[in-house]
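Per-entry structural report
Read off the chains here:
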Amino acid sequence: METIIGIELYPIISLLIFFIFFTLLLIVVVKTKKEHITELSAMPLDEEELTIPAQQKS
């Protein structure tokens, strides 16, 4: 690895990508409204929107 020219840039670039991705993810999570998160968390339990296509034809 020491013979490759410019190899020292790869760890720096990967650390920057990692840091930027998780910083942006943190910003999105913090900015998301609590009502939206509550609505999304209730979706699997909401029986009103559950439909089975085979039963709709009858």
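These numbers were taken from a predicted model, which means no experiment stands behind them.

**What to know about the overall build of the protein chain**
- Helices and strands together make up the secondary structure of the protein chain, namely three helices and zero strands.
- Ordered by position from the N terminus, the helices and strands of the protein chain form the series α-α-α.
- For the protein chain, the proportion of its 58 residues judged to be buried stands at 0%.
- As displayed, the protein chain has an accessible area near 6,200 Å², and 70% of this comes from carbon and sulfur atoms.

**As for the packing of aromatic side chains**
- Scanning all chains against the criterion turns up two aromatic pairs.
- Ring centres of Phe 21 and Phe 22 lie 4.9 Å apart, and the angle between their planes is 85°; this geometry places the pair in the edge-to-face category.
- Here a set of aromatic residues connected by ring pairs shows up, and it is made of Phe 18, Phe 21 and Phe 22.

**Here's the deal with the confidence of the model for the protein chain**
- On average, the protein chain scores 83 in pLDDT, and the residues at 70 or more come to 79%.
- Considering each helix and strand of the protein chain separately, the mean pLDDT is smallest for helix α3 (residues 53–56), with a value of 57, and largest for helix α1 (residues 9–31), with 96.

**So, a nonpolar patch on the surface**
- Side chains of Leu 9, Ile 12, Ile 13, Leu 16, Ile 17, Phe 19, Ile 20, Leu 24 and Ile 27 sit close together on the surface and give an oily, nonpolar patch of about 900 Å² of accessible area.
- Relative to the assigned elements, Ile 27 resides in helix α1.
- Given the relative accessible area of 42%, Ile 27 is considered partly exposed.

Cut-off values and rules
Residues numbered from 1 in each chain as written. Predicted model: local features only at pLDDT ≥ 70, side-chain atom pairs only at ≥ 80, totals over all residues. Heavy atoms only, no water. Helix = DSSP H or I, 4+ residues; strand = E, 2+ residues; numbered from the N terminus. Buried < 20%, exposed > 50% of the residue type's maximum accessible area, 1.4 Å probe, protein only. Areas by Shrake-Rupley, 256 points an atom, 1.4 Å probe, with all protein chains shown as cover. Phe/Tyr/Trp six-rings, centres within 6.5 Å; stacked < 30°, edge-to-face > 60°. pLDDT = per-residue confidence, 0-100. Patch = residues over 30% accessible without salt bridge, like charges linked within 9 Å, V, L, I, M, F, W, Y side chains within 5 Å. Salt bridge = Lys/Arg side-chain N within 4 Å of Asp/Glu carboxyl O.

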